[in-house]
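# Descriptive analysis of the structure
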Amino acid sequence: TQLLEQSPQFLSIQEGENLTVYCNSSSVFSSLQWYRQEPGEGPVLLVTVVTGGEVKKLKRLTFQFGDARKDSSLHITAAQPGDTGLYLCAGSHAGGTSYGKLTFGQGTILTVHP
Amino acid sequence: DTGVSQNPRHKITKRGQNVTFRCDPISEHNRLYWYRQTLGQGPEFLTYFQNEAQLEKSRLLSDRFSAERPKGSFSTLEIQRTEQGDSAMYLCASSPQGGDQPQHFGDGTRLSIL
């Protein structure tokens, strides 16, 4: 069983603070995707990272894929109340019999207070 | 809107009843996935279709669950003799074929068993 450990599970911060969410596994993934989910809605894709060591930036969000493609991090700079939501990492295997099915972490519930 | 569409959005039923959910993927996507998400957890993989062929099923999918994608377009997920433990959000996602293609999710069907 390939597991993704996501931490922290809960994060409550003030507007303007920085934060980092971690996603770790003992398995190697061909790619890793980060999603954001709001209550009552489906996950919305933020980014896909595929190359070990890759760094991608999306405005105030910075995503990094570990060199060994077993871990990833999401860093948010100067968090805003609109960043509040559930953040999910999900690993994928492109080859073999897995056909790209996603293995999700438990999620990080982020609350940014004004 | 040409995103993934799921119906119904909410379903409340008594234990022991059968329920069926529908997913309409993005039209040019030939991969379709079903996931289940319980409160406070990340989604868990249930099953995967490539066109009309169901290529993988999770052990989570008991004999009471059946999924179809008869013409390679929309898919249905049926749960027979529902149990309390079936209460969850059922998410559908689709992606193009090939490599590490990102999955796009619908807003899910929230199932509540009374």
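Residues numbered from 1 in each chain as written. Chains lettered and ligands numbered in written order. Predicted model: local features only at pLDDT ≥ 70, side-chain atom pairs only at ≥ 80, totals over all residues. Heavy atoms only, no water.

### A short note on the overall build of chain B
A count of helical and extended segments in chain B gives 0 helices and 11 strands. For 114 residues, the compact-globule formula gives about 13 Å, and the C-alpha radius of gyration of chain B, at 13 Å, lands near that figure. Overall, chain B is about 40 × 25 × 25 Å in size when its C-alpha atoms are taken along their principal axes. Out of the 114 residues belonging to chain B, those deemed buried represent 47%. At a minimum sequence separation of 6, the contacts of chain B that also span at least 24 residues come to 53%. Split by element, the accessible area of chain B, about 5,700 Å² in all, is 43% carbon and sulfur. Averaged over its 14 positive side-chain charges, chain B has a centre that lies 7 Å from the centre of its 13 negative ones. (Helix = DSSP H or I, 4+ residues; strand = E, 2+ residues; numbered from the N terminus. Rg over C-alpha atoms; globule rule 2.2 N^0.38 Å. Buried < 20%, exposed > 50% of the residue type's maximum accessible area, 1.4 Å probe, protein only. Contact = heavy atoms within 4.5 Å. Areas by Shrake-Rupley, 256 points an atom, 1.4 Å probe, with all protein chains shown as cover. Lys, Arg positive; Asp, Glu negative; His and termini not counted. Charge placed at Lys NZ, Arg CZ, Asp CG, Glu CD.)

### Things to note about the environment of I76(A)
Residue and element names in this part refer to chain A. As for its placement among the helices and strands, I76 is situated in strand β8 (residues 71–76). When the C-alpha positions of I76 and V21 are compared, they lie 8.6 Å apart, and in sequence the two are 55 residues distant. Excluding anything up to four places from it in sequence, I76 contacts E17, N18, L19, R60, L61, D83, Y87 and L110.

### Description of the nonpolar core
With 21 residues, the main nonpolar core has I13(A), L19(A), L32(A), W34(A), L74(A), I76(A) and L110(A) as its most contacted residues. If you list the elements that add at least two residues to this core, you get β2 (10–14), β3 (19–24), β4 (31–37), β5 (44–49), β7 (61–65), β8, β9 (85–92) and β11 (108–113) of chain A. With residues up to four places along the chain from it excluded, the contact list for L19(A) reads L11(A), I13(A), L74(A), H75(A), I76(A), A79(A) and L110(A). The next biggest cluster of nonpolar side chains, apart from the first, holds 19 residues, and it includes L32(B), F49(B), L61(B) and A67(B). (Core = buried A, V, L, I, M, F, W, Y, C linked by side-chain atoms within 4.5 Å.)

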